[in-house]
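Given next are the chains, with one letter for each unit.
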Amino acid sequence: MKIERPAAAAGSSKVSRLLLGALTVAGLTSGGSALAADALRDGRIGYVMTERRWAVYESSPEGKIECPHGFNSGPREQFEELFPKNSGKTYTEMESRLMREGRAFHLENQKDPFPFYEAQGPKSYGLNLDGKVGPNDYQGPEGEKGVDNQLYRAIGCIAAYRMGGVVSFFDTVDMYRNGYNRWLIELTGVDDMTNDDDVTVTTYRGLNDLYRDGTGQAFAPGSTQDVDIRWGKSFISKLKGKIVNGVLTTEPVDLLKWPNSQPGVFSGYYIMRGSRFQLTVNQDTAKGVLGGYVDVESYIHQLNTNWATHHQSYGQLSAGSLNRALLRLADGYPDPKTGANTAISSAIELQFVQTYLMHPQEKKTVVARKSP
Amino acid sequence: MRSIGVSFASVTRDRDLSPSGLSRRVWIRSLTRSPLNLFHFLSTDLPVALASTAVFFSGAQLATAAEPAAAAPDPFNQYWQSADAPDHELYVKEVLPPGFQVIATELEGPVFADAQGRTLYKWPLQTLRNGATGDRQGRPSTCTNEVLRVSAGLMSPYPAGLALPDLDHRPSCVDLWPPVIAPKDAKAVGKWTVIQRGDGAEQWAYDGYPLYASSLDRKPGDVHGGTKMSAGGDGGVVRVPVGPAIGIPPGFKVVPSTSGRLITTDRGDSVYTWDGDDKPNVSNCYKDCLIDWAPVLAPEIVKERDDWTIVKRAPGVNQWAFRGKPLYTYNYDRGSRNFWGADVPGWHNAYTQRALRPPEGFTVQDAEGGGQVLADSRGHTIYYYNCRDDSFAQLACDNPDSTQAYRMAICGNGDPKLCRETFPYVIAPAGAKSTSRLWSVIAIDPNTGHRAAPGQESLQVWAYRDRPVYNYVGDDQPGVTNADGYGEFTGGRNGFKAFVLRDIFQGNAFRQ
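Only a predicted model underlies this, so the values are computations on that prediction, with no experimental measurement involved.

## Focus on the interface of chain B and chain A
Across the contact, 61 residues belong to chain B and 59 residues belong to chain A. Across the chain B/chain A interface, buried area totals approximately 5,000 Å², and carbon plus sulfur atoms make up 56% of it. There are five salt bridges connecting chain B and chain A. At the junction of chain B and chain A, the tally comes to 27 residue pairs in polar contact (both at pLDDT 80 or more). Looking at the side of chain B that touches chain A, the elements that each hand over two or more residues are strand E23 (328-330), strand E26 (363-367), strand E27 (371-375), helix H4 (405-412), helix H5 (416-422), strand E32 (486-488), strand E33 (494-498) and strand E34 (500-503) of chain B.

## A look at unusual backbone geometry
Residues and elements named next belong to chain B. The omega angle of the peptide bond from serine 156 to proline 157 is 5°, so this bond is cis rather than trans. Here asparagine 413, not a glycine, exhibits a phi torsion of approximately 55°, which is positive. In this structure, asparagine 413 sits in the loop between H4 and H5. With a phi close to 50°, phenylalanine 489 is a non-glycine residue in the positive phi region. For phenylalanine 489, the position within the fold is in the loop between E32 and E33. Overall, phenylalanine 489 belongs to the buried group, its relative accessible area being 7%.

## Looking at the confidence of the model for chain B
Considering every residue of chain B, the mean pLDDT works out to 86; 85% of them sit at 70 or more. A low-confidence stretch, residues 64-76 of chain B (pLDDT under 50), is modelled with 23 contacts involving residues beyond four sequence positions or located in other chains.

## Focus on the nonpolar core
Within the largest apolar cluster, 69 residues are counted, with the highest numbers of intra-cluster contacts made by Trp54(A), Tyr161(A), Tyr299(A) and Leu322(A). Among the elements that line this core, the one with the most residues is strand E11 (residues 341-358) of chain A, at seven residues. Among residues more than four places away in sequence, those in contact with Leu322(A) are Phe116(A), Ala154(A), Ile155(A), Ile158(A), Tyr161(A), Tyr299(A), Ile300(A), Leu303(A) and Leu317(A). With 30 residues, the next largest nonpolar core counts Leu164(B), Tyr383(B), Phe423(B) and Ala483(B) among its residues.

## As for helix H3 (residues 97-105) of chain A
When you tally the buried positions in H3(A), you get eight out of nine residues, the bulk of the element. Among the residues of H3(A), Arg97(A), Leu98(A), Met99(A), Arg100(A), Glu101(A), Gly102(A), Ala104(A) and Phe105(A) are the ones counted as buried. Those residues of H3(A) that are buried lie in contact with helix H2 (75-82), helix H6 (296-306) and helix H7 (309-313) of chain A together with H4, E32 and E33 of chain B.

## Some thoughts on the sheet that holds E26(B)
All names here are of chain B. Strand order in this open sheet of three strands is E26-E27-E34, and the pairing throughout is antiparallel. In the strand order of this sheet, the two ends are held by E26 and E34, each with one partner. Direction aside, neighbouring strands of the sheet carry axes that sit 20° apart on average.

## Re the sheet that holds strand E30 (residues 459-464) of chain B
What the three strands build is an open sheet, ordered E29-E30-E31 (chain B); its pairing is antiparallel. Whereas interior strands pair on both sides, the edge strands pair on one side only; in this sheet they are strand E29 (439-444) and strand E31 (467-468) of chain B.

## Observations concerning the packing of aromatic side chains
Taken as a whole and judged by the stated rule, the model has 56 aromatic pairs over all chains. Ring geometry for Tyr328(B) versus Trp347(B): centroids 5.1 Å apart, planes at 80°, classification edge-to-face. Placement of the pair is Tyr328(B) in strand E23 and Trp347(B) in strand E24 (residues 347-349), with a sequence separation of 19 residues. Accessibility assignment for this pair places Tyr328(B) and Trp347(B) in one class, buried. Put simply, the rings of Phe105(A), Tyr383(B), Tyr385(B), Phe423(B), Tyr425(B), Tyr470(B), Tyr472(B), Tyr486(B) and Phe496(B) pair up and form one aromatic cluster. Positioned over the ring face of Tyr314(A) is Arg76(A), at 5.1 Å from the centre of the ring. Looking at Arg502(B), its charged tip hangs above the ring of Trp340(B), at a distance of 5.3 Å from the centre.

## Observations concerning the side chain of Asp333(B)
Residue and element names in this part refer to chain B. You can see aspartate 333 is positioned in the loop between E23 and E24. Given the relative accessible area of 1%, aspartate 333 is considered buried. Separated by 2.9 Å, the side chains of aspartate 333 and tyrosine 272 make a polar contact.

Analysis parameters
Residues numbered from 1 in each chain as written. Chains lettered and ligands numbered in written order. Predicted model: local features only at pLDDT ≥ 70, side-chain atom pairs only at ≥ 80, totals over all residues. Heavy atoms only, no water. Contact = heavy atoms within 4.5 Å. Buried area = accessible area lost by both parts, 1.4 Å probe. Salt bridge = Lys/Arg side-chain N within 4 Å of Asp/Glu carboxyl O. Polar contact = N/O pair within 3.5 Å; in protein donor to acceptor, adjacent residues only side chain to side chain. Helix = DSSP H or I, 4+ residues; strand = E, 2+ residues; numbered from the N terminus. Buried < 20%, exposed > 50% of the residue type's maximum accessible area, 1.4 Å probe, protein only. pLDDT = per-residue confidence, 0-100. Core = buried A, V, L, I, M, F, W, Y, C linked by side-chain atoms within 4.5 Å. Pairing = 2+ DSSP bridges. Axes fitted to C-alpha atoms, helices over the stretch in contact; angles between N-to-C directions. Phe/Tyr/Trp six-rings, centres within 6.5 Å; stacked < 30°, edge-to-face > 60°. Lys NZ or Arg CZ within 6 Å of the ring centre and 35° of its normal.

Rendered as structure tokens:
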């Protein structure tokens, strides 16, 4: 069965929902790979992000190597230490809850009253961002040297960020339950998906829902995403890169901003400096790492405005303690006035599935009208 | 193809109509050939239509709560109407106990009020993170004159038993929410009943919920104590203004929003009107127009009444019209309560009444969050502050008459100066006035955040619903909303939220 324009399959409008149904039938009758078989068209191929996780190397679930002292304490533990229930004293909200909440947004001093466990050990995921091998650099699991990922040192022993932790979990859940987070990349100028020495990667925010495959456990390639150029201009970035043996590597871009919010919050993003992709790409998926120096101030602001103390508590994530650790471990982009580093090296594991990008100038396809 | 509709044929606008005709089914020709539409009509629309028809037309009489001066609504403004616009929401008239009345309000539509014009509120039980509070339906009020002194621990992660702020002048629940006391000879009528309070007094209740006035309401028509808009699960157990049933036909509902009373289908699809329909009750949307727009179908036999009339598209094919304008849904809307269709020139969301315009100088900005926000004259986002305390009484702390301890902690770590720098008040120009009572200029003591005493040096600031509005120092350009979520529970509990008019990703949830 020939499908003339699978691009119109996965919008979330009423028309698009009809199209999705039509294409589901098409997929069942023509084989699962038919949709993405010709995903590269006119040198263009698009992807939509389906999974994202700050890269945390785990030697074991308990983290015996990287977290020999255990995991860090969170808001509940710290509150109990400061204001013990069995003290016999009635604490005021002013001196306890409101003091803690106020300082989460207005960090008063750099010294953390609580011990903070940084991730230990020689290994981490990530990229060599500065081209050097330094004393604080990690070794990648495959043996690559000079891996820059000081964010891992800060978050590696916080339960929320480890596999199955609440940040790790909700970062992905909120990706598909909150359309604000729809992040797209488009490769253009692609002559060959395996080897091409000059391609362009452009990031966008999308406007449509993600669609799962028939199992409900994974996301299917071949959907459509409308590109948001009305509200999402600030999320558009352009990177140059090349594909070698199926691995796309881009040059760093000075500033990359991508959306990340919890449902119900009308804002939220990360800003990464000197960031670059390293993704294994094919006509169905793109998987790999985004490395760069994440801006500390916006990182903490995003955390505090999108992930309340309540939520932080379930992952033993103290925003105040983490904020201090990030400022202490920041290793890039020094402030020209103070000399203090403003960004911290980091890596994010990413997964995308292929999608057809519909730019606003492209006419809508109304397949529903073909129904009898 | 044919589908089932509900007849309005036997419905008249008289009070003594027979309900026997209400459920009579008639066959009408469906305008659409889509199997999907047929499914929805049969499986979803019909039962709802039957149920709501019974409510809407069983002896009901529609009324308006005001007799406004006739004036043309401003066609250039998507979200607001002018103060003299004629648009007011109709409601279903019901028998009220002596002394009660229905008052038209600017944002909430018709609400019940007592003889003094005070808006009536209920406080339905709601579960928070660690427990529930509020009034149970049909049970006595839990709002008492006891001054609660410690927190209830309803909100994670903080424990119960923390001493609440400003204990030396902390009010009781009754101080802020005086119960609506019934005379000893009061008699129940309709949904109006009497429930005995713990102190033995009789309290009026509506639909089983005890009724209160709000200390924040000063004039008839004020609804400062609460709103019908959703507060969100973590916003606290809120008080909700109570009013009569809305006068709309089956198949529609009205969604309370920041821009007014938005009409949708009962499935939540926004309905639109078109400037191209230039004659009352006549549709010019045929052929290519129908690619993008779907007429909202009415049953074949239906009684027109008041704002709701019928467009004859073809023999037996009726389309709803509201105030003479044919209604449509937009085929490219994404989910419910949408404004996508209004992005198409000449098309407008339908409201029973829009909110009144903000004062001169305020603007609307496209926002990175995906939608539009209210902004100041520079285009910088306007924020409002939410707060409810963690007592069982869930007293509001979001206004200048309440404790400022919570707000000061969030915006300035307890420091008023840092607070003003982080969230500066939106200063009103000298002599500024508002034509809408939703907006006002109030004098604020900059150091305490409370109202300034007469003669005291103060800031003249804009207030929405009698609460100051703010900018955020971290918003360095128009269209950013960096402080949305700033505070406890992402700004819903004790913190700041952007004044969002449209939110494409959250289905325009219109958070309080």
